[in-house]
Amino acid sequence: MRYFAAEHIRFSYARKHKPVIEDFSLKLDKGEIVGLIGASGSGKSTLLRIFAGLEEPERGTLSIDGRIVMDERTFVEADKRGVGMVFQDYALFPHLTVGANVAFGLKRARRAKRLGEMLELVQLSDYADRYPHELSGGQQQRVALARALAPEPSVLLMDEPFSNLDAELKLAIRSELGEILRRSGTTCLLVSHDLADIEAICSRHIRIGSSNGNNE
Ligand SMILES: Nc1ncnc2c1ncn2[C@@H]1O[C@H](COP(=O)(O)OP(=O)(O)OP(=O)(O)O)[C@@H](O)[C@H]1O
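Residue numbers run consecutively from 1 along every chain, following the written order of its sequence. Reporting in this predicted model follows two pLDDT cut-offs: at least 70 for local features of residues, and 80 or more for side-chain atom pairs to be given and counted; totals over whole chains, interfaces and linings ignore these cut-offs and use all residues. Excluded from the side-chain calculations are hydrogens and water; all other atoms, namely the structure's heavy atoms, are used.

As annotated in an unreviewed UniProt entry, the protein chain carries the name ABC transporter ATP-binding protein and is attributed to Cohnella boryungensis.

Given below as structure tokens:
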């Protein structure tokens, strides 16, 4: 059985509407970093939301690390799936420091140690007491990444993580991100509309069609 297996996913936002996703399947090996590319409106964000457990599809199955988290009888809630997510806007808590943001989902017993490891991984050890508004876009992106990786998710989903960065910063952080993901052995699905982003980080990519939501 593959580490991450989504099969025959079908999803509509409203019953009377044509499905946004008609029949989508995807399999990942452990530690693989795979890109998901497609035109605007093709359903990339919707798919990530389905995998994370934020939307329930009409049909399809999803298993992660040998456990079925979604099928016709099963729906494991988002917070029980072990899936980490990094959104376009990073969604950091503005009133919490960098350290508190990264430690947010961690159990008390291992909080301090894991926080230290994560800040070191993203090279922000000296920034633990700063607030998000005191950071550059690239630093905020690394905080969001550290926060998502801290609870050791089985799979990390990233939705256009570079959309808020200027061109120069994007180039710098793109290779850095790939390096961090490989070093931590994270299984990752990265959404982008930019093939260059995906080629810089992912070992392979798949394309989602704009007209029907099927894999091409
Ligand atoms: N909450 C919603 N209710 C109804 N329709 C929605 C909702 N969210 C998205 N859609 C529609 O579903 C389709 C897929 O949207 P989605 O955001 O998944 O696309 P995307 O590929 O991520 O696009 P982009 O690259 O522009 O972010 C679009 O046609 C969109 O208008």
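Right, picking up where we left off after that structure.
Student: What's the story with the pairing of strand 3 (residues 33-37) in this structure? I'm lost.
Tutor: Taken residue by residue, a regular strand's side chains alternate between the two faces of the sheet. A 1.4 Å probe rolled over the protein chains alone gives each residue an accessible area, and that area as a share of the maximum for its type sets the label: buried under 20%, exposed over 50%, partly exposed in between. A helix here means a DSSP run of H or I that spans at least four residues, while a strand means a run of E at least two residues long, and both kinds are numbered starting from the N terminus. Counting buried positions over the five residues of strand 3 gives five, a clear majority of the element. With burial as the criterion, each face of strand 3 is covered, one bearing Ile33, Gly35 and Ile37 and the other bearing Val34 and Leu36. Examined bridge by bridge, strand 3 and strand 8 (residues 188-192) share five bridges and lie parallel to one another. The residue bridging leucine 36 from the neighbouring strand is valine 191, located in strand 8. Here a strand pair is declared whenever DSSP counts at least two bridges between the two strands. Taken together, the four bridges between strand 3 and strand 9 (residues 204-207) define a ladder with parallel strand orientation. Bridging from a neighbouring strand, glycine 35 pairs with histidine 205 of strand 9.

Student: Would you mind showing me how to read the sheet that holds strand 3 here?
Tutor: Adjacent strands of a sheet form backbone hydrogen bonds with each other and so pair up, either parallel or antiparallel. With parallel pairing, the five strands of this open sheet are ordered in space as 6-7-8-3-9. Strands with a single pairing partner mark the edges of an open sheet, and in this sheet they are strand 6 (83-86) and strand 9. Mean inter-strand twist for the sheet, computed between neighbouring axes without regard to direction, equals 20°. As paired elements, strand 7 (residues 155-159) and strand 8 share four bridges and run parallel to each other. Within strand 8, the residue paired with leucine 156 across the bridge is cysteine 188. Those strands touched by helix 4 (residues 137-149) are strand 6 and strand 7, and its axis lies near 170° from that of strand 6. Helix axes use the C-alpha atoms of the stretch in contact, all axes being lines fitted to C-alpha atoms, and the angles between their N-to-C directions lie in the range 0 to 180 degrees. Here, two residues are considered to be in contact whenever any of their heavy atoms come within 4.5 Å of each other.

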